[in-house]
Structure formats: C-alpha cells, structure tokens
Amino acid sequence: MELTKVERENKVYVNDKVIVLDKYTITASELLELAGFSSLAYNIYLILDKKRKKSKLLGENKKIKLETGMRFDATLKQS
C-alpha cells in the first residue's frame, strides 16, 4: 500500500504557528529555523502540559521524534 503525501506529513506547532513536515525526525535548531527563529537567539521547548505550563528545554542538536500535533515554544535566550 502506497502512502499519500498527506499521510506522511507531520503537523506541529511552534508558538501556535503551523509547521508541516514530511519527515519524522528533526533537530531542535532545524525546527526553530523552519519556524522563522534563529537558533542563536532562541531556545525551543517541547510543551508537555499546556494547562500546567510544563515544558522541556530541547538542546540545539537534540533530535526530535515528531508526532502530529506536538507543540513547541520558542523563547528568546536570556543574555
């Protein structure tokens, strides 16, 4: 059975901006760049529980195994 393009896409959110990817893994810095943020100036967090404001800081080179619907927050690094 051949998968259609739609079935292979992963839709994730960075600061509520939809990012559609056709792969299953990406580095944190690549995801930031795709969302329009510089990995030099921003950190990216995986949102674990939005209601409880729980999130996990991801390292720049951290490989992320993507699942549709994942949510991330990009925030300016503290100087």
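Going by the annotation in an unreviewed UniProt entry, the name recorded for the protein chain is Multi-ubiquitin domain-containing protein, with Candidatus Nitrosocosmicus arcticus given as the source organism.

A.B. asks: An account of the pairing of strand β5 (residues 54-58) is needed here, citing residue identities and associated values.
C.D. replies: Summarising the sheet, strand β4 (residues 42-49) and β5 pair through five bridges and their orientation is antiparallel. Across the sheet, L46 pairs through a bridge with K56, a residue of β5. Here β4 hands over to β5 after four residues, with K53 in that stretch at a positive phi of 55 degrees.

A.B. asks: So what's going on with the confidence of the model for the protein chain? Residues and values would help.
C.D. replies: In regions of low pLDDT, the predicted coordinates are not meant to be interpreted in detail. Of all residues in the protein chain, 90% attain a pLDDT of 70 or more, and the chain-wide mean is 88. Across the protein chain, strand β7 (residues 71-76) holds the top mean pLDDT of 96, while helix α1 (residues 5-8) sits lowest at 55.

Reading the values: the criteria
Residues numbered from 1 in each chain as written. Predicted model: local features only at pLDDT ≥ 70, side-chain atom pairs only at ≥ 80, totals over all residues. Heavy atoms only, no water. Pairing = 2+ DSSP bridges. Helix = DSSP H or I, 4+ residues; strand = E, 2+ residues; numbered from the N terminus. pLDDT = per-residue confidence, 0-100.

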